[in-house]
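Structural overview
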Amino acid sequence: MLGLMQDWPLLSYKIIDHAAIHHGTRKVISRSVEGPIHTTTYADIRARSLKVAKRLDQEGIRLGDRVATLAWNTWRHLEAWYGILGIGAVYHTVNPRLFPDQIAWIVNHAEDRIMITDLTFVPILEKIASKLATIERYVILTDGAHMPQTSLKNAIAYEDWIGSVDGDFEWRFFDENTAAGMCYTSGTTGNPKGVLYSHRSNVLHSLVASAPDMLGISSRDVVLPVVPMFHANGWSLALTTPMMGATMVMPGAKLDGASIYELLNDFKVTVTAAVPTVWLMLLQFLESSGSKLPYLKKVVIGGSACPRAMTQKFQDNYGVEVMHAWGMTEMSPLGTVCTLKPDYADLSGEARLDIQQKQGHAPFGVEMKITDDHGREVPWDGKTFGRLKVRGPSVARAYFKEAESAIDKDGFFDTGDVATMDPHGYMQITDRSKDVIKSGGEWISSIDLENLAVGHPKVAEAAVIGVPHPKWDERPLLVVVLKKEQTATKDEILAFMQGKIAKWWMPDDVVFVDEIPHTATGKIQKMTLRDQFKGYILPTAEAAE
Ligand code: ADP
């Protein structure tokens, strides 16, 4: 027997309808790419996204067609998203930090038909335009007055483009499983892979993400998504924030400490989210200027591990609660948030920080398990680590244009992360499965060693890779970038680490370099590093032979 409730498909554009009707006067404030601060409301965003939809429809964009956006977080980008969603086309957010050739590869692979972009990226696109065979038109997110001279095909200023139609349009109606958005993983190994969100997965994920133990966003909040809309579905904030009716502040192209501080302060932001590098810049600015954060309540930090010192500074010096979060493009992206369950809520000082170093616990809709190499589950004791696998309605089951399924027979997706789970369900990443060092059949966490090494006052950055060893299979090699004008010896670094980790975890050697390679999203490129040290003979390897 079926239930007798309404069949109300979970279509993502209903989010902006809700925001416009119930929170219509709530503001969306942006730092425009042209410079000045721009203010609009959810009601106006919706009205203009209807124009985007009508214009796309006139251009012949149909259900399932991909429309690329290569753009910063601004009100215009938000309007474009909802306009695209409203006709059942697919927003494809492209990361401008990728190499131009990678951008071309991704756009071709997605077969994007229209490219909506910011002034900033016109020169990059002009260089690769001859390779972008499927793009029929470039829409530049600006007005006629700021429109540059460009060779881009059928280029038009966004304001002229939507200005030529009235907003008399009705959203299209289709199945909730229709593709809504697309985002490629950065492809640190091999070519990037396209993750294809559905309307249903977006809506469910936004509902889950806003829950009190997750991001806990309400209509009384002022949310500043520093994390770009092109990074991992924009951490879903372009959907979650309007869904909850919170005020939205968009940073545009300026993500430096002073610019972010200005927005936090001027618009009384209460919740913000970004990767650790952004917060490093903000903390440096706060320290050098002596500024405070009187309005900010919560900062969401994820994308890579949040350093302990960062959590401590935000909380102790500025009274801002840190919410360490973990996720990935394939998960829409939220997987866990480290808010404190009753079991940990009373902790303070170092003990509280110990828990906050963990990536947190899963919301409803994210099932997790950790397994050994044979797929057997390992215990949730906070010590044993295993491959982290996830299942849920907002987790990918396959990649775009890849015939092979991305999940195992039980429906679990292998995240590629290695993690522990504690008895209260708090997950802690210990490594990426391809980076973990397999020494004598046991696993050594490269991340733990890196975190320890950067604690040395002379070390700016550290990376640990496994190097072949005749006896142990692999042993850790520590690669170090020293802080400016510092010198140090290998023994000095090792002496600092001694006693803080198991003896057999100690790196077999330390090398000093000027630079460690990074991906477009700021992660250490271990593969390049492994290539760089291919054939490296550890002193212990020589001794063993
Ligand atoms: P990109 O490589 O484009 O940034 P993702 O955002 O999808 O792609 O990267 C997801 C990966 O980032 C995760 O699988 C994990 O390895 C890492 N990650 C994300 N959040 C954290 C975190 N809080 N701590 C440690 N690693 C994290």
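Residues numbered from 1 in each chain as written. Predicted model: local features only at pLDDT ≥ 70, side-chain atom pairs only at ≥ 80, totals over all residues. Heavy atoms only, no water.

Any empty space left between atoms is shown by rolling a water-sized probe over those atoms. Taken as a whole, this structure holds one cavity of 30 Å³ or more when the rule is applied. Its volume calculated, the largest cavity comes out at about 30 Å³. Around the largest cavity sit Leu264, Asn265, Val269, Leu293, Pro294, Tyr295 and Leu296, which together line it. Here the residues of the lining of the largest cavity are counted per class, giving six nonpolar, one polar and no charged. (1 Å grid on protein atoms, 1.4 Å probe; cavity = no way out; pocket = protein on both sides within 12 Å on 5 of 7 lines; lining within 4 Å. Points joined across faces, edges and corners; volume = space filled by probe spheres on them. Nonpolar A, V, L, I, M, F, W, Y, C, P; charged D, E, K, R; others polar.)

Moving on to the site of the ligand. Ser186, Ala325, Thr329, Asp417 and Lys523 are the nearest of the 17 residues found near the ligand. Side-chain polar atom of histidine 324 to a nitrogen atom of the ligand: 3.1 Å apart, as the coordinates give it. In the environment of the ligand, an oxygen atom lies 2.8 Å from a nitrogen or oxygen atom belonging to the side chain of arginine 432. In isolation the ligand offers 570 Å² of accessible surface; the protein chains occlude 90% of this area. It is strand β14 (residues 321-327) that contributes the most residues to the shell around the ligand, four residues altogether. For the shell around the ligand, the class distribution of residues is four nonpolar, 10 polar and three charged. (Near = heavy atom within 4 Å. Polar contact = N/O pair within 3.5 Å; in protein donor to acceptor, adjacent residues only side chain to side chain. Areas by Shrake-Rupley, 256 points an atom, 1.4 Å probe, with all protein chains shown as cover. Helix = DSSP H or I, 4+ residues; strand = E, 2+ residues; numbered from the N terminus.)

The subject of this paragraph is the nonpolar core. In terms of nonpolar packing, the biggest core is built from 66 residues, with Leu56, Leu78, Ile116, Trp161 and Trp326 touching the most fellow members. Looking at this core, you find at least three residues from each of domain 1 (13-26 + 41-198) and domain 2 (365-432). In this view, isoleucine 116 contacts Val67, Ala68, Thr69, Leu70, Ala80, Ile84, Val139, Leu141 and Trp161; residues no more than four positions away in its chain are not counted. Core analysis: the second largest hydrophobic core is formed by 44 residues, Leu224, Leu282, Ile301 and Val322 among them. (Core = buried A, V, L, I, M, F, W, Y, C linked by side-chain atoms within 4.5 Å. Buried < 20%, exposed > 50% of the residue type's maximum accessible area, 1.4 Å probe, protein only. Domains from an automatic or database assignment. Contact = heavy atoms within 4.5 Å.)

Bringing the domain arrangement of the chain into the picture now. Domain parsing of the chain yields domain 1 (13-26 + 41-198), domain 2 (365-432) and domain 3 (437-544). On a C-alpha basis, the centroid separation for the pair domain 1 and domain 2 is 32 Å. With 11 residues of domain 1 at the contact, the number on the domain 2 side is five residues. Carbon and sulfur atoms make up 66% of the area that domain 1 and domain 2 hide from each other, which totals about 660 Å². Among the residues domain 1 hides against domain 2, the three largest losses belong to His109, Lys193 and Gly194. Together they make up 54% of the total. Summed over the shared surface of domain 1 and domain 2, the result is one salt bridge. Here glutamate 111 ties to lysine 401 by a salt bridge, and the two come within 2.7 Å at their closest N and O atoms. Put simply, domain 1 and domain 2 have three residue pairs in polar contact (both at pLDDT 80 or more) between them. Those elements giving two or more residues to the side of domain 1 that touches domain 2 turn out to be α4 (100-110), β8 (179-184) and β9 (194-198). Of the residues belonging to the side of domain 1 that touches domain 2, the class tally is five nonpolar, three polar and three charged. (Buried area = accessible area lost by both parts, 1.4 Å probe. Salt bridge = Lys/Arg side-chain N within 4 Å of Asp/Glu carboxyl O.)

Okay, the environment of lysine 358 next. Examined against the element boundaries, lysine 358 turns out to sit in the loop between α13 (349-356) and β16 (367-371). If sequence neighbours within four positions are ignored, lysine 358 has contacts with His324, Cys338, Asp422, Tyr426, Met427 and Gln428.

Turning next to the sheet that holds strand β3 (residues 66-70). Two pairing modes exist for strands in a sheet, parallel and antiparallel, and in both the strands are linked by backbone hydrogen bonds. Pairing within the open sheet is mixed, and its seven strands lie in the order β7-β6-β5-β3-β4-β8-β9. Two strands bound the open sheet, and with one partner strand each, they are β7 (156-157) and β9. Bridging between β8 and β9 involves five bridges; their strand directions are antiparallel. Its bridge partner lying in β9, methionine 182 is registered against leucine 196. Helix-sheet contacts for helix α3 (residues 75-86) involve β3, β4 (90-93), β5 (114-117) and β8, and the interaxial angle to β4 is about 145°. (Pairing = 2+ DSSP bridges. Axes fitted to C-alpha atoms, helices over the stretch in contact; angles between N-to-C directions.)

Tracing the backbone shows serine 445 in the loop between β21 (442-444) and α14 (446-454). Once you skip the residues sitting within four places of it in the chain, serine 445 turns out to touch Phe385, Thr430, Asp431 and Trp505.

All right, on to the packing of aromatic side chains then. Evaluated as defined, the whole model comprises 13 aromatic pairs. For the pair tyrosine 158 and tryptophan 161, a centre-to-centre distance of 6.4 Å together with 40° between the ring planes defines the contact as tilted. You can see tyrosine 158 and its partner tryptophan 161 sitting in helix α6 (residues 158-163), three residues apart, about one turn around the helix. A single burial state applies to tyrosine 158 and to tryptophan 161, both of which are buried. Taken together, a centroid distance of 6.1 Å and an interplanar angle of 80° make the contact between tryptophan 504 and tryptophan 505 edge-to-face. Among the aromatic residues, those joined into a ring-pair cluster are Phe385, Trp443, Trp504 and Trp505. The positively charged end of lysine 14 is found above the aromatic ring belonging to tryptophan 8, 4.0 Å away from the centroid. (Phe/Tyr/Trp six-rings, centres within 6.5 Å; stacked < 30°, edge-to-face > 60°. Lys NZ or Arg CZ within 6 Å of the ring centre and 35° of its normal.)

The volume enclosed by the second largest pocket comes to roughly 480 Å³. In this structure, the second largest pocket is lined by 24 residues; those nearest its centre are Leu196, Val395, Ala396, Arg397 and Ala398. Among the secondary structure elements, those contributing two or more residues to the lining of the second largest pocket are β9, α7 (199-209) and β17 (386-391). Element by element, the count of residues in the lining of the second largest pocket is highest for β9, at four residues. Here the residues of the lining of the second largest pocket sort into 12 nonpolar, eight polar and four charged. Two domains each put at least three residues into the lining of the second largest pocket: domain 1 (13-26 + 41-198) and domain 2 (365-432).

This part takes up the environment of tyrosine 344. Inspection of the secondary structure puts tyrosine 344 in helix α12 (residues 342-345). On a C-alpha basis, the gap between tyrosine 344 and tryptophan 443 in space is 28 Å, while along the polypeptide they are 99 residues apart. Beyond its immediate stretch of four places on either side in the chain, tyrosine 344 contacts Ile355, Asp422, His424 and Tyr426.

Attention shifts here to the pattern of salt bridges. With the rule as written, the count across this model stands at 32 salt bridges. For arginine 46, the salt bridge is made with aspartate 17, and the minimal N-O distance between the two is 2.5 Å. In this pair, arginine 46 sits in helix α2 (residues 42-58) while aspartate 17 sits in helix α1 (residues 14-22), placing the two residues 29 residues apart along the sequence. Since its relative accessible area comes to 15%, aspartate 17 is described here as buried. Note that aspartate 373 and arginine 387 form a salt bridge whose closest N and O atoms lie 3.2 Å from each other. Of the two residues, aspartate 373 is situated in the loop between β16 and β17 and arginine 387 in strand β17; the sequence distance between them amounts to 14 residues. Its relative accessible area of 21% is what places arginine 387 among the partly exposed residues. Residues joined by salt bridges that share partners form a network here, namely Glu34, Arg48, Arg76, Glu79 and Glu159.

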